[in-house]
Structure formats: C-alpha cells, structure tokens
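Structure at a glance
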Amino acid sequence: MAVYLDNSATTKPCPEAVDAVNYMLTENYGNPSSLHGLGIEATKAVTSARQAIADKLGCEKEEIFFTSGATEANNLAILGAASAMKRRGNRIVSTAIEHESVIQALDELEKQGFEIIRLMPDVKGNISVSDLRDAIDEKTILVSMMYINNEVGSVLPVEKIRKIVTLKNSPALIHIDCVQAFGKIDVRPKKLGADLVSITAHKIHGPKGCGALYVKKGTIIHPRTFGGEQEKRLRPGTEAAPLIAGFGAAVEALTDFGEQSAKIAELNRYAKEKLSALEGVIINSGDAASPYIINVYIPTFMRSQTVLQWLYSDHGICVSNGSACAKGKKSHVLTAMKLSDEIVDKSIRISFSRDNTKADVDALCAALKELLEKYPK
Ligand code: PLP
C-alpha cells in the first residue's frame, strides 16, 4: 500500500462518499430535471448535498452552485464578476501565488484590458496587509485571493479584505478560493465578508469532478456557459448528481475540526523535527503556515521530479512538487517567493490528511535519508 502524502493534490475518497456515488450510479440514476419519481429522487439527493454544504459554510442552500470543481468555480467567479462589474471600474486585485485557474483567468481579463494587480509574497509565501491596502482603490471591482496556498500552506490575509474594501469605498466583490481551507478550518463566507467562495470535493475525501461556488444572496455575476435552467442558469447542464451526492456525503463525514487540527499540528511538528534532522534540508513553509502542508528543499543532485519518481518506485511514497495542475512546470509560487533556482528545482511538497500517521512520516524520512546518502548534491 502506498504511503500517501499528497493530500493537497487530492485525497482518498471516504467510504461514505464512495457509497453515495455508487448508490446514485446504480439505483438513483434519474435526471434531476425529470418530473417522474426517479427524477424527484435524484433532486432530493442533490438538495440534501446542497444543504449539507450550506450547513458547513453557515449559509443558505440557495447560495450554493455546483460546478465541475474549483477550477470552474474560480473561472466562473472571476470572469462572471468582471463581466457583471465592468462598468464600475477596471482594477482587479489578486496575488502572484494563486492557483493556475485564478492566474490564467486573470491573464485572460488582462488581455481584455482589465488592470490586474498581483501582490507579491515574502520569502515564506505571506502576503502583506499593507500591500493589500495600497492596492485596493475605488475603481477596484474584484479582489480574488486564496485562503491557504496549496504549495507552501501560507495563510493569506483574506479576513482583512472586507474592512479594506469598505474603508476604500470600493465596489469590489470579494472572491476567496477556499479549496485548501474548507474541511480543515471553519470556513464561513459571511464571517469572511466574502461574496464568492470556491470549494471542491476531492480535497476533502469526496469524488473528483465536483465543486461548488458560494454566491452571496443578491450578488450578481454573469454565467460563462448557456443552455439550461440548472443552478438557476448560472451553471447550466445536467447536474452531476452522483458526484454531488458524494460531495455531500464527504462533507457530512468531515471530522471535528478541533480534534483533527490538533492531530495534524502534532504530525506537522513531528515531520518538521525529523526533516530538519536530515542534513541540508530546508523547510520552505513558514511557521504560521497551515499544518497540512510542508514544502521542503531536498539537497540532492536530482531535480524534484526525479525524486518523486524514485520515492514512489523504490518506496511507494507519494508526494509532489508544487501543484498537481502545473504538471512539472517550475513552481510560480516558489519563484514568486524569490527562492533560488536550486531550491525551486529541488523542493517537494508533503501534504497531510486525517488518514496520515507518524508511521507515514517515518517512512518518508527514512527514504529521504537513503536518497541523500546515495545521491548527494
Ligand atoms: N484552487 C486551489 C487552491 C487548489 O489547490 C486547486 C486544486 O489543486 C484548485 C483550485 C482546483 O481545484 P479542482 O481540482 O477542483 O479544479
């Protein structure tokens, strides 16, 4: 069995989610738009998942719009908000360390003439509140920022955005990519003052291919796709009822935040202690980063891609280098943090879930020790 330490890329689906997907595929397979009994049963399953997610976010189920994942939710939020808000200004404030789905949506808007401000991180991936304050003005129509960075775990100052937007008399909508936060800390869009929040099922032990966008009641964004009445026409197309039911089941199966956080914090402390004992290893993640993610430089002559392959082929250990979506491209996050090429090329990401134990960390550290002895820099 693999030692799975790549939970920021995706998580193992929990039995509850697997059962829910299976049931929808084999028994409750109606189209939620159909008016007969099977259609009604499928609608009930979708509604109950919507309610479970809304309960977790502390919002109303009418504020949840299902998508194919957070990539789509981010695109819908950003492109949909820019289109709806373009008469009120031209500036969009974000950061240089967002997920590719935000980066590329913003690049697209830049081509259309929007002014995109990309705040730079410090050496640990932190974004400064004063930079954020300086960037937001009365012509800013959107602030899009992730809660927790997926490569180094830095926690971004999303809680400060609403106050700054109000102070600056800005009409901006606030979009927060909560993919790496949801299910790990208590994410409440209302408390955050967010208008738009993206989440995805497969990072919380649900199925791949299903996410959601929270849209605060009364917020207007324009759809990106057309052709049906589903999701109040904001995201038309037959609902992926099996995946949605799996998402709902995964949300209901989330464990108590407090208990889980304490467990992961201890695992993080243990891992950092063991990793730091390996000669030349440098922890790139900051002390205040999410305990679920440790980004670490491994001083071998091999680049991180080869290290990953070796860890899996020789030891059955799964870790990653940066974001899974970047597929081996140089990390834009570590680059933005102004780390040297040597560090950018040879860093790996270890990411935990509730399923991990100290034995997983022991296996990884033993393998890394062997690697450093066999293939030093
Ligand atoms: N945003 C962040 C921060 C992520 O980590 C990811 C996935 O890696 C995404 C968005 C995209 O999510 P999905 O895989 O559901 O498209």
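Read on for an overview of the structure. (Residues numbered from 1 in each chain as written. Predicted model: local features only at pLDDT ≥ 70, side-chain atom pairs only at ≥ 80, totals over all residues. Heavy atoms only, no water.)

Structural notes on the overall build of the protein chain
Here is the rule: Secondary structure elements follow DSSP: runs of H or I no shorter than four residues count as helices, runs of E no shorter than two count as strands, and numbering proceeds from the N terminus. When we talk radius of gyration, it's over C-alpha atoms, and the globule rule is simply 2.2 Å times the number of residues to the 0.38. All accessible areas in this document rest on Shrake-Rupley with a 1.4 Å probe, and a residue is counted as covered only by the protein chains that are shown. Just so you know, the count uses Lys and Arg for positive and Asp and Glu for negative, and it drops His and the chain ends. A single reference atom marks each charge: NZ on Lys, CZ on Arg, CG on Asp, CD on Glu.
Summing up its helical and strand segments, the protein chain has 13 helices and twelve strands in all. Its C-alpha atoms give the protein chain a radius of gyration of 21 Å, within 12% of the compact-globule value 21 Å for 377 residues. If you line up the protein chain on its principal axes, its C-alpha atoms span 65 × 55 × 35 Å. Total accessible area computed for the protein chain in this model is approximately 16,100 Å², and 54% of it derives from carbon and sulfur atoms. The averaged location of the 45 negative side-chain charges in the protein chain is 4 Å from the averaged location of its 46 positive side-chain charges.

Concerning the sheet that holds strand β4 (residues 115-119)
The criterion, for reference: Two strands qualify as a pair provided DSSP detects at least 2 bridges between them. For helices, the fitted axis covers only the stretch in contact; all axes are lines through C-alpha atoms, and the angles between them, taken along N-to-C directions, range from 0 to 180 degrees. Note on contacts: a residue pair qualifies if any of its non-hydrogen atoms lie within 4.5 Å across the two residues.
Read across the open sheet, the seven strands follow the order β2-β8-β7-β6-β5-β3-β4; overall the sheet is mixed. Edge positions in the open sheet fall to β2 (64-67) and β4, since each of these has one partner strand only. The mean angle between the axes of side-by-side strands here comes to 20°, regardless of whether they run parallel or antiparallel. Across three bridges, the pairing between strand β3 (residues 91-95) and strand β5 (residues 140-146) is parallel. Bridged to Val93 within β5 is Val143. The sheet contacts of helix α4 (residues 100-111) involve β3, β4, β5 and β6 (173-177), and relative to β4 the element is tilted by about 145°.

Observations regarding the site of the ligand
Going by this rule: Nearness is defined per residue: one heavy atom within 4 Å of the molecule or strand is enough. As used in this structure description, the phrase polar contact means that two N or O atoms lie within 3.5 Å; if the pair is within protein, one of them must be able to donate a hydrogen and the other to accept it, and residues adjacent in sequence are counted only when both atoms belong to side chains.
Taken together, 13 residues lie near the ligand, and Thr71, Asp177, Gln180, Thr200 and Lys203 sit nearest. In the model, an oxygen atom of the ligand is placed 2.7 Å from a nitrogen or oxygen of the Thr200 side chain. Between the ligand and His202 there is a distance of 2.8 Å, counted from an oxygen atom to a side-chain nitrogen or oxygen. Compared with its free state, where it exposes 400 Å², the ligand has 91% of that area covered by protein. Element by element, the count of residues in the shell around the ligand is highest for helix α3 (residues 70-85), at three residues.

A word on the sheet that holds strand β10 (residues 293-297)
With antiparallel pairing, three strands are arranged side by side in an open sheet as β9-β10-β12. Pairing within the sheet leaves two strands with one partner each, and these edge strands are β9 (282-283) and β12 (347-351). Pairing geometry for β10 and β12, over five bridges, is antiparallel. Its bridge partner lying in β12, Val296 is registered against Ile348. Running at roughly 5° to β10, helix α9 (residues 257-276) makes contact with β9, β10 and β12 of the sheet.

Topic: the nonpolar core
Among soluble globular proteins, nonpolar side chains are generally buried collectively. Put simply, the test is: Think of a nonpolar core as a cluster: buried Ala, Val, Leu, Ile, Met, Phe, Trp, Tyr and Cys residues, connected wherever their side-chain atoms sit within 4.5 Å. Here the term buried applies to any residue with accessible area under 20% of the maximum for its type, exposed to any over 50%, and partly exposed to those in between, with areas from a 1.4 Å probe on protein chains only.
Counting residues in hydrophobic clusters, the biggest one holds 66 residues, and the most contacted among them are Phe66 and Phe247. Beyond its immediate sequence surroundings of up to four residues, Phe247 is in contact with Ile53, Phe66, Phe182, Ile199, Thr200, Ala201, Ile204, Pro207, Cys210, Gly211 and Ala212. In terms of nonpolar packing, the next biggest core, distinct from the first, is built from 32 residues, Ile264, Ile317, Phe352 and Val361 among them.

Thoughts on the pairing of β5
In plain terms, the rule: Orient the strands so they point away from the viewer, and a crossover whose first-strand-to-second-strand path over the helix runs clockwise is right-handed.
Most of β5 is tucked away, with seven of its seven residues classed as buried. In this sheet, β6 lies alongside β5 in parallel orientation, the contact comprising five bridges. Within β6, the residue paired with Met145 across the bridge is Ile176. Running through helix α6 (residues 161-167), the crossover from β5 to the neighbouring parallel element β6 is right-handed.

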